[in-house]
Amino acid sequence: MSQRTAGYRLPTDWPTTEAEATAVQLSLRERVERYADESVEGPAVGTGTVVGVDVAYDDERDVVAAAAVALDGGTLEVLASATAVGRVAFPYVPGLLAFREIPAVLGALERLDRTPDLVVCDGYGLAHPRRFGLASHLGVLTGLPTIGVAKNPFTFRFEAPGPRRGDWSPLLDGGEEVGRALRTRDGVKPVFVSVGHRIGLAAACAHTLALARDYRLPESTRRADSLCREALRAG
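Counting from 1, residues in each chain are numbered in the order their sequence is written. Side-chain atom pairs in this predicted model are given and counted only at pLDDT of 80 or more, local residue features only at pLDDT of at least 70, and totals for whole chains, interfaces and linings cover all residues. Side-chain metrics rest on all non-hydrogen atoms present in the structure, leaving aside hydrogens and water.

Caption draft 1: Fine view of the overall build of the chain. For the chain, the helix and strand inventory stands at five helices and eight strands. Runs of E in the DSSP output that reach at least two residues are strands. Runs of H or I that reach at least four are helices, and both are numbered from the N terminus. When the helices and strands of the chain are read in sequence order from the N terminus, they spell out α-β-β-β-α-β-α-β-β-β-β-α-α. Computation of the radius of gyration draws on C-alpha atoms alone. For the globule rule, the value is 2.2 Å times the number of residues to the power 0.38. For the chain, whose C-alpha radius of gyration is 16 Å, the value lies close to the compact-globule estimate of 18 Å for 235 residues. Seen through its C-alpha atoms, the chain measures out along the principal axes to roughly 45 × 40 × 35 Å. Burial classes follow relative accessibility: with a 1.4 Å probe on protein chains only, a residue under 20% of its type's maximum area counts as buried, one over 50% as exposed, and anything between as partly exposed. A total of 235 residues make up the chain; the buried ones form 51% of that total. Two residues form a contact once any of their heavy atoms are found within 4.5 Å. Counted over contacts in the chain with a minimum sequence separation of 6, partners at least 24 positions apart contribute 66%.

Structure follows, in structure tokens:
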């Protein structure tokens, strides 16, 4: 059981405009560590501490709540959880949602008494117009292995994967594979997996399947989603 060894701090020069945020993405995306599918680097499937992160918004109060839930990667038992609630730090701009979510997510991770071996984000990593979605941004800032598991394909195209659990098809931007449409349950619509940081795409899909034993979404995401909504109501 991993214990936390480092803090996660928001950069002091957090952008406040669309132009500033876009410039940050273009700069930081060069720091993403991409692993080949055959690489043995990165966390092993079914082991270690897997942390799911998610956020919920109260638009009327301009408040965001984030949750971080640590699970045992083998048993999916909840080991620890933490939340953070605060003001929304950035306006809504498609492609720049990470700047709205990361301040609260880092606050929740800071309060978690575990060091993640893998962080699973409800969103995108390289499956992003600038190849730097929430999972990649969070990975670069924290140094942690991260993946994005999204409910829809954003702006990218894909062919429907086969009907069985584990079937997949490439998520494409032109001819580039930016992620995979992955079937986690027989006959249920796929989720969309993309690499965030320090992990390969095949491994990201294997982790997603290991975490989605009983439902379409990974258990890490389900738990974090429920907890951040509770925190928003309480806050």
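Caption draft 2: Spotlight on empty space enclosed by the protein. A cavity here means a set of 1 Å grid points, computed over protein atoms only, where a 1.4 Å probe fits but cannot escape. A pocket is an open set with protein on both sides within 12 Å along at least 5 of 7 lines, and lining residues have an atom within 4 Å of a point. Grid points are joined across faces, edges and corners, and a volume is the space filled by probe spheres set on the points. The tally for this structure, following the rule as stated, stands at one cavity of 30 Å³ or more. What the largest cavity holds in volume is close to 30 Å³. Taken together, G46, V50, G73, H207, A210 and L211 make up the full set of residues lining the largest cavity. No other element matches helix α4 (residues 201-211), which puts three residues into the lining of the largest cavity. Three classes are used, and their members are as follows: Ala, Val, Leu, Ile, Met, Phe, Trp, Tyr, Cys and Pro are nonpolar, Asp, Glu, Lys and Arg are charged, and the others, Gly among them, are polar. Residue composition of the lining of the largest cavity, grouped by class: three nonpolar, three polar and no charged.

Caption draft 3: Spotlight on the sheet that holds strand β2 (residues 63-72). Only strands that DSSP links by at least two bridges are regarded as paired with each other. Read from one edge to the other, the open sheet built from eight strands follows the order β3-β2-β1-β4-β5-β8-β7-β6, with strand pairing classed as mixed. Across the chains shown, the open sheet's two edge strands, defined by having one partner strand only, are β3 (78-87) and β6 (168-173). Ignoring which end each strand starts from, the neighbouring axes of this sheet average 25 degrees apart. The pairing of strand β1 (residues 49-58) with strand β4 (residues 118-121) spans four bridges and is parallel. What sits directly across from G52, in β4, is V120. Every axis corresponds to a line fitted to the C-alpha atoms, with the helix fit spanning only the stretch in contact, and the corresponding angles, defined between N-to-C directions, vary from 0 to 180 degrees. The strands that helix α5 (residues 219-234) touches are β1, β2, β3 and β4; relative to β2, the one it contacts most, it runs at about 140 degrees.

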